[in-house]
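Summary of structural features
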Amino acid sequence: MQKTYYDPADLKKFGKISDWNKELGDKFFEYYGKVFEEGALSAREKSLIALAVAHAIQCPYCIDAYSGDGLQRGITKEEMMEALHVAAAIRGGASLVHGVQMMNKVNKLEM
Amino acid sequence: MATKSLHKRESNLANSNKQLEILSNGIFQSGELPTFKNKIAETNQFPLKAKKLEVLQINVGYMCNQVCEHCHVDAGPDRKEIMTRETMLQCLEVIKNTGAHTLDLTGGAPEMNPDFRWFVEEAAKAGIKDFIVRSNLTIIRANKKYHDLPEFFKKFNIHVVSSMPHWTRGKTDKQRGDGVFDKSIKALQELNEVGYGMPNSNLRLDLVYNPSGAFLPGDQTSMQKDFKKALKDDFDIEFHNLFAITNLPISRFLDYLIASENYEDYMYALVEAYNPVAVSNVMCTNTISVSWDGYLYDCDFNQMLELPVNSKIKHISNYNEELLEGRDIVISQHCYGCTAGAGSSCQGVVA
Ligand code: SF4
Ligand code: SF4
């Protein structure tokens, strides 16, 4: 058994999840492929969204994959970092907006 | 950016045998990844055979005003290998007698060969109609004596193919050296001024993009869209096609891959992106590459690896088209760079 939870080499084995459930695995990968096709959003925009989401959900495989994908598409470091700040702003905002709930509760309880 | 060639640094990897050894050992020896030979055999494409010769690619010397980090030629100002007029005369003899319709001049910076212009003029007299010059752009700005190159290119209707790693200064200079971006932009504007790259112009100006790092190029069509928009918006520059080219794991790029511990992942990526359809269009099938000293190779990459053509004919002085046609192409694992994705050829892929 490996000594760490994450191994970069496992990313290449992603497709193996179909081994234990082919139907759902295949459906997932087909869906995944479709999602990232050029559409109303460009494949490039989707790659940046994926990178931001990867950081929000803190998935090291996805970060690995979409940092490389961004470079391939000619996305610059500046664009990547800006996308991350969007993720961070939403994450931070999500915490802070609950501050209203806190304030409501405190205001209700306090005399 | 590197400032000296591997040769000048007396690096281990300046030795082509060493490079070939690396490409054959490790993950390919252990069978972790299939060799190129086995891979193309899967679709019955082994041995890879030369078809009819269409392009004569001549490397007129390894000297260059730049020392790009990824350079597969290991070119630089410190490289002294330069084609002589004598060898050029031998090439001209061949041009007169061959069916090849295109003369593709490369280097180094081909314009730095002192007989470059003479050679183009003579080749035109000898009947060449389609010229390609692989120009690094900055050479046009490097010295007064090169300032009129755009006019010279125009006079012979030379198809100019130039590298431009990115439309931003940062990425370009990182790969090709400080100041390269600004000089390249200026050179492109000057080429536009004489008519190169303009919509509907016959003066062809194509750009070559190759990744500045251990990753593969993205989709050529969308990169072209991005390049066109950025160069037009920011600098009012026009060009025709963008060729997205994969860096081959040889020479300085191989050195970089190993030093940055990216070699294995990069080879995995190449093998994963292998496209059997691209095999039939690799450049070696219709091109022969001539080195500065007149020896013959299947392509410029094999030239750098010192893998001579598999034929009795080894030198331009005893060139024989019939004997060379149908020869088996000499391959190794670097060939995976030519078959990744849509394939990598400045002639083949037209978006
Ligand atoms: S301009 Fe071309 S030949 Fe010169 S160092 Fe750069 S990649 Fe090599
Ligand atoms: S590296 Fe040369 S020999 Fe190999 S496939 Fe590419 S063009 Fe052909």
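Definitions and cut-offs
Numbering of residues starts from 1 in every chain and runs along the sequence as written. Each chain is given a letter, starting from A, and each ligand a number, starting from 1, according to the order in which they appear as written. Residue-level local features of this predicted model are given only where pLDDT is at least 70; pairs of side-chain atoms are given and counted only at 80 or more, and the full residue set underlies all totals for whole chains, interfaces and linings. For the side-chain quantities, the full set of heavy atoms in the structure was used; hydrogens and water were omitted. Helical segments are the DSSP runs of H or I of at least four residues, strand segments are the runs of E of at least two, and each set is numbered from the N terminus. Summary of the burial criterion: residues with accessible area below 20% of their type's maximum are buried, those above 50% are exposed, and those between are partly exposed, where the area comes from a 1.4 Å probe applied to protein chains only. For every accessible area listed, the method is Shrake-Rupley and the probe measures 1.4 Å; residues are considered covered only by the protein chains on display. When charges are counted, Lys and Arg are positive and Asp and Glu negative, with His and the chain ends excluded. Working definition for charges: the position is that of NZ of Lys, CZ of Arg, CG of Asp or CD of Glu. Here, residues are in contact when the closest pair of their heavy atoms is within 4.5 Å. When two components associate, each loses some accessible surface as probed by a 1.4 Å sphere; the sum of these losses over both components is called the buried area. One speaks of a salt bridge when a side-chain nitrogen belonging to Lys or Arg is within 4 Å of a carboxyl oxygen belonging to Asp or Glu. Any pair of N or O atoms that falls within 3.5 Å is considered a polar contact. Within protein, one atom must be able to donate a hydrogen and the other to accept it, and sequence-neighbouring residues count only if both atoms are side-chain atoms. Put simply, Ala, Val, Leu, Ile, Met, Phe, Trp, Tyr, Cys and Pro go in the nonpolar bin, Asp, Glu, Lys and Arg in the charged bin, and everything else, Gly too, in the polar bin. A cavity here means a set of 1 Å grid points, computed over protein atoms only, where a 1.4 Å probe fits but cannot escape. A pocket is an open set with protein on both sides within 12 Å along at least 5 of 7 lines, and lining residues have an atom within 4 Å of a point. Grid points are joined across faces, edges and corners, and a volume is the space filled by probe spheres set on the points. One heavy atom suffices: a residue is near a molecule or strand as soon as one of its heavy atoms comes within 4 Å of it. Any molecule with more than half of its atoms within 2 Å of a cavity's or pocket's grid points is counted as sitting in it. UniProt positions are given in the numbering used here, feature names are shortened, and annotations may be inferred rather than shown by experiment. For every residue, the predictor states its confidence as a pLDDT score lying anywhere from 0 to 100. The rule is short: rings of Phe, Tyr and Trp, with Trp giving its six-membered ring, pair when the centres are within 6.5 Å, and they are stacked under 30 degrees, edge-to-face over 60, tilted in between. We call a charge positioned above a ring when the Lys NZ or Arg CZ atom is no farther than 6 Å from the ring centre and deviates by at most 35 degrees from the ring normal.

**Examining the overall build of chain A**
Secondary structure summary: chain A contains six helices and zero strands in total. Summarising its shape, the C-alpha atoms of chain A cover approximately 60 × 35 × 30 Å along the three principal directions. Counting only residues that meet the buried cut, chain A has 20% of its 111 residues in that class. When the accessible area of chain A is evaluated, it comes to approximately 8600 Å², of which 65% is carbon and sulfur surface. Of the side-chain charges in chain A, 14 are positive and 15 negative, and the distance between the mean point of each set is 5 Å.

**Looking at the interface of chain B and chain A**
If you look at the interface, chain B gives 15 residues, while chain A gives nine residues. Area buried by chain B at its contact with chain A is led by K171(B), F215(B) and D226(B), which between them contribute 36% of it. Counting across the chain B and chain A interface gives two salt bridges. Applying the counting criterion to the chain B and chain A interface returns three residue pairs in polar contact (both at pLDDT 80 or more). Contributions of two or more residues to the side of chain B that touches chain A are made by α9 (220-235) and α11 (263-272) of chain B. For the side of chain B that touches chain A, the per-class residue count stands at seven nonpolar, three polar and five charged.

**With respect to the layout of surface pockets**
All names here are of chain B. Its boundaries defined by the atoms lining it, the second largest pocket holds a volume of some 240 Å³. Along its surface, the second largest pocket is lined by 20 residues, and Y62, R79, Q303, M304 and E306 are the ones closest to its centre. Contributions of two or more residues to the lining of the second largest pocket are made by α1 (16-24) and α13 (300-304). Along the lines of polarity and charge, the residues of the lining of the second largest pocket split into nine nonpolar, seven polar and four charged.

**Remarks on the site of ligand 1**
All names here are of chain B. The environment of ligand 1 is made up of C64, Q66, V67, C68, H70, C71, A75, G108, N136, R176 and R252. In a pocket analysis with a 2 Å cut-off to the grid points, ligand 1 is assigned to the largest cavity. Counted by class, the shell around ligand 1 contains five nonpolar, four polar and two charged residues.

**Here's the deal with the environment of E322(B)**
With respect to the element layout, E322(B) can be found in helix α14 (residues 321-324). Residues E322(B) and L53(B), 269 residues apart in the sequence, show an inter-C-alpha distance of 9.8 Å.

**So, the site of ligand 2**
Taken together, L248(B), V282(B), C284(B), C299(B), F301(B), N302(B), I329(B), V330(B), H334(B), C335(B) and C338(B) make up all the residues around ligand 2. Of the residues that constitute the shell around ligand 2, the class distribution is nine nonpolar, two polar and no charged.

**A few points about the UniProt feature "domain: Carboxymuconolactone decarboxylase-like" (unreviewed entry) in chain A**
Following the UniProt record, one finds the feature "domain: Carboxymuconolactone decarboxylase-like" (unreviewed entry) at residues 23-102 of chain A. Helix makes up 81% of residues 23-102 of chain A and strand 0%. Its end C-alpha atoms lie 46 Å apart.

**Brief notes about the confidence of the model for chain B**
All names here are of chain B. Per-residue confidence for chain B gives a mean pLDDT of 93, with 97% of residues at or over 70. Mean pLDDT across the elements of chain B bottoms out in helix α7 (residues 169-176) (84) and peaks in helix α6 (residues 149-155) (98). In this model residues 347-351 is a low-confidence stretch, pLDDT under 50, and it forms 14 contacts with partners more than four residues away in sequence or in other chains. What the predictor reports for the complex is a pTM of 0.89 with an ipTM of 0.74.

**Thoughts on the packing of aromatic side chains**
Under the definition given, this model contains 17 aromatic pairs over all chains. Note on F253(B) and Y256(B): the rings are 5.7 Å apart at their centroids and 35° apart in plane angle, and the pair reads as tilted. Here F253(B) and its partner Y256(B) are both found in helix α10 (residues 251-259), three residues apart, which amounts to about one turn of the helix. What makes F253(B) buried here is its relative accessible area of 2%. One aromatic cluster is present, formed by F14(A), F28(A), F29(A), Y32(A), F36(A) and Y66(A) through successive ring pairs. Just above the ring of W118(B) sits the side chain of R85(B); from NZ or CZ to the centre is 4.2 Å.

**Here's the deal with the pattern of salt bridges**
Residue and element names in this part refer to chain B. Tallying each qualifying case throughout the model produces 27 salt bridges over all chains. The shortest N-O distance in the salt bridge between K49 and D328 comes to 2.6 Å. Of this pair, K49 sits in the loop between α2 (36-41) and β1 (55-59) while D328 sits in the segment after α14; the two residues are 279 residues apart in sequence, bridging distant segments of the chain. On the basis of relative accessibility, which here comes to 26%, the residue D328 falls in the partly exposed class. Taking the shortest distance from any N to any O, the salt bridge between K229 and D233 comes out at 2.6 Å. Here K229 pairs with D233, and both are found in helix α9, just four residues apart, close to one helical turn. Here the salt bridges do not stand alone but share partners, grouping D74, R79, E81 and R252 into one network.

**Digging into α11(B)**
The α-helix advances 3.6 residues per turn, and as a result positions three or four apart in sequence lie on the same side. Buried within α11(B) are the following residues: Y263(B), Y266(B), M267(B), Y268(B), L270(B) and V271(B). In this fold, the buried residues of α11(B) make contact with α1 and α10 of chain B.

**Examining empty space enclosed by the protein**
All names here are of chain B. Enumeration over the complete set of coordinates arrives at four cavities of 30 Å³ or more. Taken as a whole, the largest cavity holds about 700 Å³ of empty space. In terms of lining residues, the largest cavity is bounded by 35 residues, among which H70, H72, T106, R134 and S163 are the most central. When residues of the lining of the largest cavity are assigned to their parent elements, the largest contribution, three residues, is made by strand β4 (residues 159-163).

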